[in-house]
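Structural description and commentary
Okay, here's what each chain looks like letter by letter:
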Amino acid sequence: MTDLIIIGGGPAALSCALTARQRNLDCLVVCADTNSGWLARAESLDNYPGMPHVSGRELLRVFRAQAEEAGASFMSGVARQIQPMGSEFMVLVGNDVLETKAVVLAMGAARPALLPGEEDLLGRGVSWCGTCDGMFYRGKRVAVLSAWNGGAEEAEFLAGLCASVDYYTLKPHDVPADERITQRSEKVRGLAAGENRQITVETADGSVSYDGVFVFRPAVAPDRLLPGLALNGGFVSVDRRMATSVPLVYACGDCTGQPLQVAKAVGEGNVAAISASEDLARG
Ligand SMILES: Cc1cc2nc3c(=O)[nH]c(=O)nc-3n(C[C@H](O)[C@H](O)[C@H](O)COP(=O)(O)OP(=O)(O)OC[C@H]3O[C@@H](n4cnc5c(N)ncnc54)[C@H](O)[C@@H]3O)c2cc1C
């Protein structure tokens, strides 16, 4: 059981982790990949106080080093779901279920672009979680459509359960080197409901039907991550304490909206950690 799980690895998450540690909270930062956030793409920043002309990667490196030195823990993976359980939360990260007393959302503003047909078929043959839904496809034919390395691990897990696993690459990444998994080179265009409750993967070269289709990306939309979370124009609604509509869940950085700037992300991360520490102390 951790005091605080922070989802994201950009400036908002790292600032939040630093302040959380200074407030003596156990904290775990869960991040798909520190260099996958927006800041890693900034060649040079001229508006971050005290560090003129710094590159985004260098700023991330020093932020992370300081948070690590303060005692924050880090875990590599995508948070797929947050489930409130009484006074605690279960957070599903890859194939692990973590427990925490409070959560901070710091996932940035990037939103996954879904495939045509994907959202309609979610829960009806299409899944975003091998651990949660894999057992429904025991002995069946499935496809994995992945935009990142995390899909390789999920495909290997599914290969242990399913009769066959075909692997389609949505964006370039290291694909699984497992003889139980068949690599498909076709470019995926969309998903459709097929006959006998099958799901059809539509590609530039035709279509192939499966019993189930698993789609993996390094991000999840906030309201999918935590059902019932109030949004405003796609961004997480927060008050001045960075509290969201769900008690003991806070948000900071680009995921709360404009301005999308590092200084604002860092400030909000600091406020979120202070609010979490105050609310946890109150019990
Ligand atoms: C090219 C470019 C140039 C920029 N230049 C400037 C500038 O000069 N000055 C300035 O102030 N700002 C600049 N920005 C904006 C700045 O980068 C962002 O405002 C800042 O990075 C926001 O920080 P964040 O922590 O909120 O989100 P991000 O930096 O986007 O970090 C979010 C992190 O969360 C991770 N994540 C997302 N979902 C999950 C999940 N479900 N589970 C686990 N991890 C997850 C992502 O992989 C990512 O690492 C620039 C942005 C870009 C793209």
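Residues numbered from 1 in each chain as written. Predicted model: local features only at pLDDT ≥ 70, side-chain atom pairs only at ≥ 80, totals over all residues. Heavy atoms only, no water.

**Overview of the sheet that holds strand 14 (residues 212–216)**
Heads up, the rule is: Strands qualify as paired when DSSP identifies two bridges or more between them. A run of H or I in DSSP counts as a helix once it spans at least four residues, and a run of E counts as a strand once it spans at least two, with each numbered from the N terminus. Throughout, a contact is declared for two residues whenever any of their heavy atoms are within 4.5 Å. For every element, the axis is a line fit to its C-alpha atoms; helices are fit only across the contacting stretch, and the angle between N-to-C directions ranges from 0 to 180 degrees.
One open sheet accounts for five strands, arranged 7-14-8-9-10; its pairing is parallel. Strands with a single pairing partner mark the edges of an open sheet, and in this sheet they are strand 7 (126–127) and strand 10 (181–184). Strand direction decides the pairing type here: strand 9 (residues 164–169) and strand 10, joined by four bridges, are parallel. Bridge pairing links Asp166 to Thr182 in strand 10. Of the strands in this sheet, strand 8 (141–146), strand 9, strand 10 and strand 14 touch helix 5 (residues 150–159), which is tilted by about 165° from strand 9.

**With respect to helix 2 (residues 56–69)**
Rule in force here: To estimate the expected span of a helix, subtract one from its residue number and multiply by 1.5 Å. Three labels apply to residues, based on accessible area from a 1.4 Å probe with only protein chains included: buried if under 20% of the type maximum, exposed if over 50%, partly exposed otherwise in between. Directions drawn from the helix axis to the C-beta atoms are what define this arc.
The first and last C-alpha atoms of helix 2 sit 20 Å apart over 14 residues, in line with the 20 Å expected at 1.5 Å per residue. Taken as a whole, helix 2 has its buried residues at Gly56, Leu59, Leu60, Phe63 and Ala67. For helix 2, the angular spread of buried residues about the axis comes to 100°, placing them on one side. Lining the buried residues of helix 2 we find helix 1 (11–22), strand 3 (73–76) and helix 7 (262–282). One or two positions beyond helix 2, positive phi appears at Gly71, with a value near 105°.

**Some points on the state of the cysteines**
This is how it is decided: Note on terminology: pairs of cysteine sulfur atoms within 2.5 Å are recorded as disulfides.
Enumeration according to the criterion identifies zero disulfides in this entry. Distance from the sulfur of Cys27, which forms no disulfide, to the nearest cysteine sulfur (Cys16) is 7.2 Å. The class for Cys27 is buried, based on a relative accessible area of 3%. The closest cysteine sulfur to the non-disulfide-bonded Cys162 is located on Cys129, 13 Å from its own sulfur. Overall, Cys162 belongs to the buried group, its relative accessible area being 8%.

**Notes on the nonpolar core**
Cut-off, in case you're wondering: In this text, buried Ala, Val, Leu, Ile, Met, Phe, Trp, Tyr and Cys residues form a nonpolar core when linked through side-chain atoms within 4.5 Å. Boundaries between domains were set according to an automatic or database domain assignment.
Of all hydrophobic cores here, the largest spans 39 residues; its most connected members are Ile7, Ile82, Val91, Leu105 and Val165. Here the element with the most residues in this core is helix 5; it accounts for four residues. Both domain 1 (2–111 + 219–282) and domain 2 (118–216) contribute no fewer than three residues apiece to this core. Setting aside residues up to four positions removed in sequence, Val91 forms contacts with Ile5, Ile7, Ala79, Gln81, Ile82, Asp96, Val97, Leu98, Thr100 and Val103. Grouped together as the second largest cluster of nonpolar side chains are 24 residues, Ala13, Ala243, Ala265 and Ala272 included.

**Notes on the site of the ligand**
Filter applied, for reference: Nearness is defined per residue: one heavy atom within 4 Å of the molecule or strand is enough. What qualifies as a polar contact is a pair of N or O atoms within 3.5 Å, subject to a donor-acceptor requirement within protein and to the restriction that residues adjacent in sequence count only when both atoms come from side chains. We call Asp, Glu, Lys and Arg charged. Ala, Val, Leu, Ile, Met, Phe, Trp, Tyr, Cys and Pro are nonpolar, and the rest, Gly among them, are polar.
Among the 31 residues in the neighbourhood of the ligand, the closest are listed as Ser36, Asn47, Ala79, Asp254 and Val262. Take Leu39: an N or O atom from its main chain is 3.4 Å from an oxygen atom of the ligand. Residue Gln261 places a main-chain N or O atom 3.1 Å away from an oxygen atom belonging to the ligand. Contributing elements (two or more residues each) for the shell around the ligand: helix 1, strand 2 (27–31) and helix 7. Its residues assigned to classes, the shell around the ligand comprises 18 nonpolar, ten polar and three charged.

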